[in-house]
Amino acid sequence: MDTADELRIDTAHRELLDQVLDKWSLSVLNELCERPSRFNELRRAIPTVTQKSLTATLRRLERNGVVERDVVGTRPVAIEYRITPLGKTLRHPVDVLLAWAADQMPAIHRARAAYDEREDAELEAR
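Residues numbered from 1 in each chain as written. Predicted model: local features only at pLDDT ≥ 70, side-chain atom pairs only at ≥ 80, totals over all residues. Heavy atoms only, no water.

Trainee: How should I be thinking about the packing of helix 2 (residues 23-34) against helix 4 (residues 51-63) in this particular structure?
Mentor: Their axes nearest at 10 Å, the elements helix 2 and helix 4 cross at an angle of 75°. When the axes of helix 2 and helix 4 are compared, the pair comes out roughly perpendicular. Contacts between helix 2 and helix 4 involve Trp24, Ser25, Val28 and Leu29 from the former and Ser53, Leu54, Thr57, Leu58, Arg60 and Leu61 from the latter. Classifying every residue of the contact of helix 2 with helix 4 gives six nonpolar, three polar and one charged. (Axes fitted to C-alpha atoms, helices over the stretch in contact; angles between N-to-C directions. Helix = DSSP H or I, 4+ residues; strand = E, 2+ residues; numbered from the N terminus. Parallel < 35°, antiparallel > 145°, perpendicular 65-115°, else oblique. Contact = heavy atoms within 4.5 Å. Nonpolar A, V, L, I, M, F, W, Y, C, P; charged D, E, K, R; others polar.)

Below, the structure written as structure tokens:
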């Protein structure tokens, strides 16, 4: 992935990161870190996700070995989702990224404001 002088993210790494660190995946993983959940429990816990997006997210996470489905032998049959041991290993790197974001947010806000001011000035100059 990287050498001493160069950071290189190849296609396989980029695809995986896109799939496990997207908006809905992080929300699903956050819920499943607390406890296993059925589909509708996840829908209620993440009210802004659509059924289609949640289904696609769960399938991607399952395909990557981060989430597993368990058929619950009740009537009617239900599916419960749970985080896998592999999925639990994502917790630390995500926490590190979130801590970085929290620490750097004031600088990011200043950079955004400066950028927006430059953009506004360019638009006015046109």
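Still more ground to cover, so stick around.
Trainee: Honestly, the pattern of salt bridges in this entry has me stumped. Any pointers?
Mentor: Any two side chains of opposite charge can pair, given that their charged atoms come close. One pass over the full model with this rule turns up six salt bridges. Between Arg82 and Glu68 there is a salt bridge whose closest N-O contact spans 3.9 Å. Pair noted here: Arg82 is in strand 3 (residues 78-83) and Glu68 is in strand 2 (residues 67-72), with a separation of 14 residues, a long-range link. Owing to a relative accessible area of 25%, Arg82 belongs among the partly exposed residues under this scheme. Arg82 is the salt-bridge partner of Asp70, the closest N and O atoms lying 3.6 Å from each other. With Asp70 in strand 2 and Arg82 in strand 3, this pair connects stretches of sequence that are twelve residues apart. Through salt bridges with shared partners, a single ionic network connects Glu68, Asp70, Glu80 and Arg82. (Salt bridge = Lys/Arg side-chain N within 4 Å of Asp/Glu carboxyl O. Buried < 20%, exposed > 50% of the residue type's maximum accessible area, 1.4 Å probe, protein only.)

Trainee: So what exactly am I meant to see when it comes to the pairing of strand 3 here?
Mentor: If a strand is regular, its side chains alternate between the two faces of the sheet. Where strand 1 (residues 37-38) and strand 3 come together, two bridges link them in antiparallel fashion. Residue pairing for strand 3: Ser37 is matched across the bridge by Tyr81. In terms of strand pairing, strand 2 meets strand 3 through six bridges, oriented antiparallel. When the bridges of strand 3 are listed, Arg69 appears paired with Tyr81. Between strand 2 and strand 3, which pair antiparallel one after the other, the connecting turn spans five residues. (Pairing = 2+ DSSP bridges.)

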